[in-house]
Each structure stands twice: as structure tokens, then as C-alpha cells.
Amino acid sequence: MYAMFQFTGYKSMTSLDLGSNFNTQSAKNMSFMFNGTGYMSMTNLNLGSKFIPSKVTNMKAMFQSTGYTAMTSLNLGNNFDTSSATTMSAMFSKVGYTALESLDLKNKFNTSNVTTMRTMFENAGYTAMTSLNLGENFDTSSVTDMSYMFNKCGYTAMDSLNLGNKFNTSNVTNMFVMFQHTGHTKMTSLDLGDKFDTSSVTDMTGMFLGTGYVAMTSLNLRDKFDTSNVTSMYATFQETGYTAMTSLYLGDKFDTSKVTNMKDMFYKTGALSMTNLDFGPAFTKIADNHEDMFIDTGKNGEVVINVPESIYKNRKSFKLSSTDSTTAEGTLIVNSIVREADDGTKTLSERDVTVVPKYKPEWTVTSTVVDKANKALKINIKGATKANNYTSE
């Protein structure tokens, strides 16, 4: 059934009813099946009572751009069994882009065998969709690629995104622009849930770029936001919660020791309202590539930035690592853009922030040596925060 209805009724078809005898129980490939179907005028797609995709393994771009202009809802029915599917990349990309108000995946939308969800909901319901419910069986424990997954999903009207209680990301390695501009205009909060485990992720480029730009007040990363294997954080939190977000806590596993690119990482994060940015105890290294990392970060004059003592330099700046010198060359200051020329050249000034060495090690004696000949006592001590993944000796 590959591309079976692709671009069918592109201009004038207003509805597509597959009837009661459209039996799909033997089908294995439904990639591009409804790609661009009823693109201009279709308001309704009825899959029928025998549309049972229980043996289908490939659903790539299945509903991509379906009912792009006029479709207001998509009902997958009670028999939409996806338990055999392994590929769902671009499955709902641009579906109902202009008029789709809701997308309910129902309880048989089982994704336990899916390995790639790249661009799955990219631009879905861009203009009118108010909510996205992934259902009770949206199990992502086998997925390795979530790049672009919710990119610009519900950009204009979506006020909430419920990931469900099976959104397990422990095997995901790629989260490139995963939530970029998701719920840009109306989403008020985003909670990643207790199974959002990022310990295998290597790429977080643009992950939360512009997420909840206008109305989001909080982003809850939960306690499994582990960045110990990430190498790229280019623009990860750029313009996240730009207007209304008041605080951001990165957790005790925000370990950036392997990151090589931090360019634009916190560029205008919570620029208008954020008064607290907490890096947690594991943030002890800033990558060599950190151009514009802290530009207009937090509310000017009010934002407090909590960091480990080992990376703290002074009230206005950070050291580049816990072992770096405190010279000017080894210092990173939070700046504001005063003026930007047409050629991209920026004139900067120091932003009024308060950097606080919140996380200080607790010192313990590890050994003592008595030198009787020289009448000396040597004491070795080690300091560590309460988080297991940060020590300072």
C-alpha cells in the first residue's frame, strides 16, 4: 500500500471514505500512503472499521501533509494497531497544517517496536491544533532517533503537550531540534516526565530552541536529564521561554564534560522574565566553542545564576572549567547586545546578572602522613558535592 493515495484529490476532493470492506490486515508497508491526500480541500478522512494495520512495519510519512489546508480532525479509529511498526519518521508531518484542531492517537497506537520517530510530528497542526494526546501506549523505549520530532508542532494554538507515562528515551542518541518552536505561541508549560532519560544522547543541537517562546512559564526536565554523553549543545536552550519563563533548573546530571560546541546555548533564554537559572552541581566545564553562549540570558538586573564553586569566578562571570585559571582569557561573561550591524557584527555590554557559587564541596580527610624526621604532618582531603557525578579535589 506504499503511496496508495498519495496526492489523491489534491485540489478539490473534500472527503475520503474507505468504507467497511477496506481490509488492511495483511498489509506490511503503508509508507506515504496518504501523503498529500486532499491537500487543498479535504475536511474528512474515514479509514473504516477494517483498517487494521497490525502487521505494518513501515509507516514513514503515512499521513504527511494529509488534509493540509482544510482538515479539522483526524480520527484513527479503535482498530489502529501499530504494534508491528518499526518506522514512523514523518508519519504526521504537516498533517492538518492549517485547520487541524486536535489529534488523538487512541489506545492501540502502540509504538514499542519503533526505532525512528524523526520528524514524526513536525509542523503537525501548525496553525489551529490546541492539544496533542499521545495515548497510553506511546512507548518509545526502542527509539534511537527523535530528531525534529515535535519541531514547530502546534506552533500557533497548542497550549499543552502530554507525552504520556511511557515516553522512555533511554536508547535515544539524537535529539537534534526535537522541541524547536513547539507550542511557540500558547503552550504554558512542558513536563518531560519521569522516563525522559537522555543518558545515551550525543546531539542536543537546538533541542529547545524557541520552545514555548511566548507563554511558557516552566520547563521541567525531571531527574533523568543526563548530558554526560552529549557532544553538541549548539543553541540547545536558545530563546527557550523567551517571554514568560521565570526559572530553569538543569538538574544534578547536567554534565557537560564531553560537549565541544556550546555556541548560542543560552542565547536569550528567558530573556524577559527569568530570574533564576540553576546549573546544578555537575556543570564544571564550558566548551572551547562558546561564542554567544550567554547573550541576553535571563531578566536583566534580576537573574540569579547558580553554579558550582569550582567554575565560579566572580559575580558577573564563570571560569571555563574547574581547573582553568582565573585570568581574563579563562573567563566567560554574560553579555547583552547593544547593537547589531548589517554584517552581523555585534556590540556587546555586560548584562546585570548575579552569579552565585551555590554548590560547594564538603571536605573529608582521605589520609594522613606523619613525617617525624621533618616534624611535619601531611593531610590529604577530598571535596565532593552531594551529587555523585561531581568531585573537586
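Bear in mind that the values here come from a model prediction, so they are computed numbers and not experimental data. (Residues numbered from 1 in each chain as written. Predicted model: local features only at pLDDT ≥ 70, side-chain atom pairs only at ≥ 80, totals over all residues. Heavy atoms only, no water.)

### Some remarks on the overall build of the protein chain
Thought 1: The number of helices and strands found in the protein chain is zero helices and 20 strands.
Thought 2: Based on the C-alpha atoms only, the size of the protein chain along its principal axes is roughly 95 × 50 × 30 Å.
Thought 3: Out of the 393 residues in the protein chain, the part that is buried amounts to 51%.
Thought 4: In the protein chain, the share of contacts with a sequence separation of at least 24, taken over all contacts with a separation of at least 6, comes to 80%.
Thought 5: When the accessible surface of the protein chain is split by element, carbon and sulfur atoms take 45% of a total near 16,400 Å².
Thought 6: Across the protein chain, the centroid of the 35 positively charged side chains sits 3 Å from that of the 36 negatively charged ones. (Helix = DSSP H or I, 4+ residues; strand = E, 2+ residues; numbered from the N terminus. Buried < 20%, exposed > 50% of the residue type's maximum accessible area, 1.4 Å probe, protein only. Contact = heavy atoms within 4.5 Å. Areas by Shrake-Rupley, 256 points an atom, 1.4 Å probe, with all protein chains shown as cover. Lys, Arg positive; Asp, Glu negative; His and termini not counted. Charge placed at Lys NZ, Arg CZ, Asp CG, Glu CD.)

### Some remarks on the sheet that holds strand β12 (residues 312-314)
Thought 1: In space, the three strands of this open sheet follow the order β12-β13-β14, with antiparallel pairing throughout. Across the chains shown, the open sheet's two edge strands, defined by having one partner strand only, are β12 and β14 (331-333). Looking at each pair of strands side by side, their axes are set apart by 35° on average, direction ignored.
Thought 2: Relative to strand β13 (residues 317-319), β12 runs antiparallel, the two sharing two bridges. When the bridges of β13 are listed, Asn 314 appears paired with Ser 317. (Pairing = 2+ DSSP bridges. Axes fitted to C-alpha atoms, helices over the stretch in contact; angles between N-to-C directions.)

### Some points on the confidence of the model for the protein chain
As a note on interpretation, predicted positions should not be read in detail where pLDDT is low.
Thought 1: Per-residue confidence for the protein chain gives a mean pLDDT of 91; residues scoring 70 or more make up 96%.
Thought 2: Here residues 388-393 scores under 50 on pLDDT; set against residues more than four positions off or in separate chains, the count is 19 contacts. (pLDDT = per-residue confidence, 0-100.)

### A look at the pairing of strand β11 (residues 304-308)
Thought 1: Among the five residues in β11, four count as buried, and that is most of the element.
Thought 2: Where strand β10 (residues 276-278) lies against β11, three bridges are found, and the strand directions are parallel. Residue pairing for β11: Asn 276 is matched across the bridge by Val 304.
Thought 3: Bridge analysis of β11 against strand β17 (residues 354-359) gives five bridges, and the strand direction is parallel. When the bridges of β17 are listed, Val 307 appears paired with Pro 357.

### Digging into the sheet that holds strand β6 (residues 160-162)
Thought 1: In space, the four strands of this open sheet follow the order β3-β4-β5-β6, with parallel pairing throughout. On the outer flanks of this sheet lie β3 (73-75) and β6, each paired with one strand and no other. Taken pair by pair, the neighbouring strands of this sheet meet at an average axis angle of 5°, ignoring direction.
Thought 2: Where strand β5 (residues 131-133) meets β6, three bridges bridge the pair, whose relative direction is parallel. Within β6, the residue paired with Leu 132 across the bridge is Leu 161.

### Concerning the pattern of salt bridges
Thought 1: Tallied over the full model, the rule gives nine salt bridges.
Thought 2: Between Asp 191 and Arg 222 there is a salt bridge, and its shortest N-O distance comes to 2.9 Å. Taken together, the residues span a long stretch of sequence, with Asp 191 in strand β7 (residues 189-191) and Arg 222 in the loop between β8 (218-220) and β9 (247-249) at a distance of 31 residues.
Thought 3: Using a relative accessible area of 35% as the deciding quantity, one classes Asp 191 as partly exposed. (Salt bridge = Lys/Arg side-chain N within 4 Å of Asp/Glu carboxyl O.)

### Points about unusual backbone geometry
Thought 1: Even without being a glycine, Lys 94 presents a positive backbone phi close to 65°.
Thought 2: The topology assignment puts Lys 94 in the loop between β3 and β4 (102-104).
Thought 3: The phi torsion at Asp 296 lies on the positive side, around 55°, for a residue other than glycine.
Thought 4: In this fold, Asp 296 is placed in the loop between β10 and β11.

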